[in-house]
Amino acid sequence: MFNRQGIKQQQVKVGGKQLTIIQAPRPQRTSQVATVWGALCSLWNGMRVTWRYFSRPSSIVTQQYPENREHLKIPERFRAQLRLKYDENGEHNCTGCKICDVQCPNASIEVIDMRGESGKKEIDRFVWRMDICTFCNICVMVCPFDALEMSNEFESSVYDKRLLTYQLNRYAGPTKKAFEKIESSADRERLKVGRQPFEAPTPLGIAAGVASGPGVSVAPPSTMKKDDI
Ligand code: SF4
Ligand code: SF4
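Residues numbered from 1 in each chain as written. Chains lettered and ligands numbered in written order. Predicted model: local features only at pLDDT ≥ 70, side-chain atom pairs only at ≥ 80, totals over all residues.

Helix and strand content of the protein: five helices and nine strands. The order of helices and strands in the protein, counted from the N terminus, is β-β-α-β-α-β-β-α-β-β-β-α-α-β. Counting contacts in the protein only where the partners sit at least 6 residues apart, residues at least 24 apart contribute 66% of the total. (Helix = DSSP H or I, 4+ residues; strand = E, 2+ residues; numbered from the N terminus. Contact = placed C-beta atoms within 7 Å.)

Pasting the structure below:
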């Protein structure tokens, strides 16, 4: 029995079970004239888009990278790299509380803490695995100290994926807030133990300096200066 949409339903019994078989209508054959007309309309629609971009090149969305590198505009909210926020003195807010580490859905972050001179917990190493990060931004949102941010610096291609494991903290030591209570700049500097982006235990044993060489390109995270490596 065919319904109004031309679909036929039939009840059959197979192995003692009642089944409904639905038979959809075959597509109607169209005349050759209608087929040619349809193809011409489709071609016209496609050519309209091509002509629009040809006549107004400023609306072209394809970027000629790297030729346009100097004036390339990356959206501010584009998430390219995770980094710790630093102030003008090169100090950060990370307390080593590990909330971001626990909340990261695929274990891209490992925060290693230590006891500082004052006996309080301080950050030792902040390890971020860019190769497995999904850039979901959860770590940035959950940080209670506003210590993290996503930068839009996207040029981080490497030939060895182990170089996608970064150590984000430039130093092991107290937070910006703790440093504010220390007046002597010499004391402040003494409390900062330097850290490098590719220093052991990241990434998996490659030490700073060893990572560079033929076929291996080193891409420092945006928090680091190239001279740091
Ligand atoms: S970045 Fe924020 S959440 Fe993560 S350990 Fe540091 S202070 Fe805690
Ligand atoms: S952006 Fe998401 S996946 Fe990447 S480190 Fe942060 S929480 Fe983990």
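Judged by pairing direction, the sheet is antiparallel, and its three strands sit side by side in the order β4-β5-β7 without closing on themselves. Where the open sheet ends on each side, the last strands, each with one partner, are β4 (109-115) and β7 (165-167). In this sheet, neighbouring strand axes are inclined to one another by 20 degrees on average, regardless of whether the strands run parallel or antiparallel. Pairing between strand β5 (residues 121-129) and β7: three bridges, direction antiparallel. (Pairing = 2+ DSSP bridges. Axes fitted to C-alpha atoms, helices over the stretch in contact; angles between N-to-C directions.)

Among the seven residues in strand β2 (residues 17-23), zero count as buried, and that is only a small part of the element. Summarising the sheet, strand β1 (residues 8-14) and β2 pair through seven bridges and their orientation is antiparallel. Along β2, the bridge assignment pairs Q10 with I21. From the end of β1 to the start of β2, which pair antiparallel, there are two residues, and G15 there has a positive phi angle of about 55 degrees. (Buried ≥ 20, exposed ≤ 12 C-beta atoms within 10 Å, placed from the backbone.)

Around ligand 1, the neighbouring residues are C94, T95, G96, C97, K98, I99, C100, V111, C143, F145, A147 and L148. Tallied by class, the residues present in the shell around ligand 1 amount to nine nonpolar, two polar and one charged. (Near = placed C-beta within 6 Å. Nonpolar A, V, L, I, M, F, W, Y, C, P; charged D, E, K, R; others polar.)

Moving on, we come to the site of ligand 2. In the vicinity of ligand 2, 13 residues are found, and the nearest of them are C104, S108, C133, C136 and C139. Taken together, the residues of the shell around ligand 2 break down into nine nonpolar, four polar and no charged.

Soluble globular proteins tend to pack their nonpolar side chains together in the buried interior. Formed by 18 residues in total, the largest nonpolar core has its most connected members in C100, F126, W128, C139 and L148. When residues of this core are traced back to their parent elements, those giving at least two are β3 (81-84), β4 and β5. Sorting elements by how many residues they give to this core places β5 first, with three residues. (Core = buried A, V, L, I, M, F, W, Y, C linked by C-beta atoms within 7 Å.)

The first and last C-alpha atoms of helix α1 (residues 32-55) sit 34 Å apart over 24 residues, in line with the 34 Å expected at 1.5 Å per residue. Counting buried positions over the 24 residues of α1 gives zero, only a small fraction of the element. (Expected span 1.5 Å × (residues − 1).)

Our focus in this paragraph is the pairing of β4. The pairing of β4 with β5 spans seven bridges and is classified as antiparallel. Residue pairing for β5: M114 is matched across the bridge by E122.

Quick look at the environment of F78 now. With respect to the helices and strands, the residue F78 is situated in the loop between α1 and β3. Under the C-beta neighbour-count criterion, F78 is labelled exposed, with 12 such atoms within 10 Å.

A word on the confidence of the model for the protein. Of the residues in the protein, 85% reach a pLDDT of 70 or more, and the chain-wide mean stands at 83. Predicted confidence is poor over residues 206-229, with pLDDT under 50, and the contacts of this stretch with residues over four places away or in other chains come to 51 contacts. (pLDDT = per-residue confidence, 0-100.)

Next up on the list: the environment of M130. With respect to the secondary-structure elements, M130 resides in the loop between β5 and α3 (138-142). When the C-alpha positions of M130 and L164 are compared, they lie 5.2 Å apart, and in sequence the two are 34 residues distant.

We now examine unusual backbone geometry. Negative phi characterises most residues that are not glycine, and trans characterises most peptide bonds. At the junction of Y65 and P66, the peptide bond is cis and its omega measures out at 10 degrees in the coordinates. Checked against the element boundaries, P66 lands in the loop between α1 and β3. Non-glycine residue F135 carries a positive phi angle of around 60 degrees. Its place among the elements puts F135 in the loop between β5 and α3.

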